[in-house]
Structure formats: C-alpha cells, structure tokens
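Here is what each chain is made of, one letter per residue.
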Amino acid sequence: NALDCWMSYCIMILVAASALYLEPINKEGVVASFVDNFNTGIMVVIFSSISSMILMALSALVHRAAMGGSSEYAVFNLGRTPNPDLLAQKMKEMAELLGQMEIQEVEKAFDALAVFDTRRIMNFMTMMSSEVLVGRVDLAYGTRVSSASFQGGPPKVKKIEDGAAPV
C-alpha cells in the first residue's frame, strides 16, 4: 500500500509536470531540457517502484514466509510482527484483569469508546473465536474464514491397530 501510494504521488507529479509542455513554455533551451529531464526522472522512479513491486510479488510466491505468520518479512507489514510469546503473556494478563472487573465496569468502559474502537473489539472477538477458541462461535460477532483453511490439511496417517504391522 505504501508503494502504491508513492507511485500514485509520482504519477500526479508527472501529470502536473506535463502542464509545463503547454504553449507559454519555450520548446527549446534550459527550461525545455529541465522539463524533459524532470519527466524522465519521475518515469525512472515510477518504473523502479513497479520493478520492486514485481520483485516483492515474486518473493511472496517463492517464500512461504511472505504469506503470513510471525516469520513474515518486515517489508510486507511495514514493520516486524511482535513475539508470539510476549503477545500471549500480555493477552493472558489482560484477560485476567478483565476477569477481575465487574460487568458494569466493562460496560461503562465500552460505552465510552468510539464506534470504530467498538467495531475493532467485535472483529477481535470474531477472530479469537475463529482462530484461538475454535468451536466457540457463540463469542463471535460475525463470520470469518479461519486461516487454517489456507494451509494444507494434516498429513494422512493410517492408525496402526494393536499387533498390526505399520503401513
């Protein structure tokens, strides 16, 4: 998204710079050569950005780490993902603190939140019921496709009966 934003900005600059080719500008001389060099420079930036997008897409196809998870490349997330151990510890602490609160305190805190914060909490609850608390759809506020749907299924292993030879 950041690269796409940058490319859109460059295209807008390129369109604005094309106005310099209008009639009041001389077609020869220093100004004309500046306009030509400026437009060429912007085109180089745009094509190098496109090239980096293609390289990132190819990298995502080749390397599994680019497809999501804690080992994902920082360039795709515009930063590093947090350590799952630390995240789990903080989440557990927060759950314990929320468990100690009275329901009226939680209601009052949620009532003071903005609408988009409340929606984020609802999305979080849906994600947790789908990914972490599997089978607890009663806690979800919507539907979500589990990320396990995008992974290969478990390996097919035949159960070995007592006394039978392994297959």
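Each residue is numbered by its place in its chain's sequence as written, counting from 1. Per-residue local features of the predicted model are confined to residues with pLDDT of at least 70, and side-chain atom pairs are confined, for both listing and counting, to 80 or more; whole-chain, interface and lining totals are unaffected and use all residues. Hydrogens and water molecules were not included; the side-chain quantities draw on all heavy atoms of the structure.

As a further point, take the overall build of the chain. By definition, any uninterrupted DSSP run of H or I lasting at least four residues is a helix, any uninterrupted run of E lasting at least two residues is a strand, and each is numbered from the N terminus. What the chain contains, in helices and strands, is six helices and zero strands. Listed by position from the N terminus, the elements making up the chain come as α-α-α-α-α-α. The classification of residues rests on relative accessible area computed with a 1.4 Å probe and restricted to protein chains. Under 20% of the type maximum is buried, over 50% is exposed, and intermediate values are partly exposed. Within the chain, the fraction of its 167 residues that count as buried is 11%. In this description, contact between two residues means that some pair of their heavy atoms is separated by no more than 4.5 Å. Of the contacts made within the chain by residues no fewer than 6 positions apart, 30% connect residues no fewer than 24 positions apart. Accessible surface computed for the chain: about 13800 Å², of which carbon and sulfur atoms make up 64%. Only the protein chains shown count as covering a residue, and every accessible area follows the Shrake-Rupley method with a 1.4 Å probe.

Quick look at the packing of aromatic side chains now. Pairs were defined over the aromatic rings of Phe, Tyr and Trp, the Trp ring being its six-membered one, requiring ring centres within 6.5 Å. Orientation was assigned from the angle between planes: stacked under 30 degrees, edge-to-face over 60, tilted for the rest. Per the counting criterion, the structure on display carries two aromatic pairs. Between the aromatic rings of Phe 34 and Phe 38, the centroid separation amounts to 5.9 Å while the plane-to-plane angle is 25 degrees, which identifies the pairing as stacked. Note that Phe 34 and Phe 38 are positioned in helix H2 (residues 30–62) at a spacing of four residues, about one turn of the helix. Residue Phe 38 is classed as partly exposed on the basis of its relative accessible area, which comes to 31%.

A separate point is the layout of surface pockets. Estimated volume of the largest pocket: approximately 620 Å³. Definitions used for this entry: grid spacing 1 Å over protein atoms alone; cavity, a set of points where a 1.4 Å probe fits but cannot get out; pocket, an open set with protein on both sides within 12 Å along at least 5 of 7 lines; lining residue, one with an atom within 4 Å of a point. Along its surface, the largest pocket is lined by 15 residues, and Met 91, Leu 98, Ile 121, Phe 124 and Met 125 are the ones closest to its centre. Of all the elements, helix H6 (residues 115–131) adds the most residues to the lining of the largest pocket, at five residues. All amino acids are sorted into three groups, where Ala, Val, Leu, Ile, Met, Phe, Trp, Tyr, Cys and Pro are nonpolar, Asp, Glu, Lys and Arg are charged, and the leftover types, Gly among them, are polar. Taken together, the residues that form the lining of the largest pocket break down as 13 nonpolar, no polar and two charged. Grid points are joined across faces, edges and corners, and a volume is the space filled by probe spheres set on the points.

Quick look at a nonpolar patch on the surface now. On the surface, Met 43, Phe 47, Ile 50, Ile 54, Leu 55, Leu 58, Leu 61 and Val 62 cluster together into a nonpolar patch covering about 810 Å² of accessible area. Relative to the assigned elements, Val 62 resides in helix H2. According to the relative accessible area criterion, Val 62 is exposed, its value standing at 64%. Residues qualify for a patch when their relative accessible area is over 30% and they have no salt bridge, like charges being joined within 9 Å and the nonpolar side chains of Val, Leu, Ile, Met, Phe, Trp and Tyr within 5 Å. A side-chain nitrogen of Lys or Arg and a carboxyl oxygen of Asp or Glu constitute a salt bridge if their distance falls within 4 Å.

Lines fitted to C-alpha atoms define the axes, with helix axes restricted to the stretch in contact, and inter-axis angles between N-to-C directions lie between 0 and 180 degrees. Where helix H1 (residues 2–18) meets H2, the closest approach of the two axes is 10 Å, and the angle between their N-to-C directions is 160 degrees. By the angle class used here, H1 and H2 are roughly antiparallel. For the pair H1 and H2, the crossing hand works out as left-handed. Side by side, H1 and H2 meet where Leu 3, Trp 6, Met 7, Cys 10, Ile 11, Ile 13, Leu 14 and Ala 17 of the first sit next to Val 35, Phe 38, Asn 39, Ile 42, Met 43, Val 45, Ile 46, Ser 49, Ile 50, Ser 52, Met 53 and Met 56 of the second. Looking at side-chain class alone, the contact of H1 with H2 contains 17 nonpolar, three polar and no charged residues. The cut-offs work like this: below 35 degrees is roughly parallel, past 145 is roughly antiparallel, 65 to 115 is roughly perpendicular, and the gaps in between are oblique. Two helices crossing with the near one rotated counterclockwise from the far one by less than a right angle form a left-handed crossing, whereas a clockwise rotation gives a right-handed crossing.

This paragraph deals with H6. Here the expected length of a helix is defined as 1.5 Å per residue gap, with one fewer gap than residues. In a regular helix each residue adds 1.5 Å, so 17 residues correspond to 24 Å; H6 covers 24 Å between its end C-alpha atoms and thus fits that length. Those residues of H6 that fall on the buried side of the exposure criterion are Thr 126, Met 128, Ser 129 and Ser 130.

Here we come to the confidence of the model for the chain. With 72% of its residues at a pLDDT of 70 or more, the chain has an overall mean of 76. Of all secondary-structure elements in the chain, the lowest mean pLDDT belongs to helix H3 (residues 74–77), at 65, while helix H5 (residues 103–111) reaches the highest, 91. Between residues 153–167, whose pLDDT stays under 50, and residues either more than four places distant or in other chains, the model counts two contacts. Looking at any residue, its pLDDT shows the predictor's confidence there, from 0 to 100.

Moving on to the state of the cysteines. Sulfur atoms of two cysteines make up a disulfide when they are within 2.5 Å. Under the definition given, this model contains zero disulfides. Free of any disulfide, Cys 5 has its nearest neighbouring cysteine sulfur in Cys 10, separated by 9.7 Å.

Turning to the environment of Ala 17, a few remarks are in order. Note that Ala 17 resides in helix H1. Leave out the neighbours within four places in its chain, and Ala 17 touches Val 35, Phe 38 and Asn 39.

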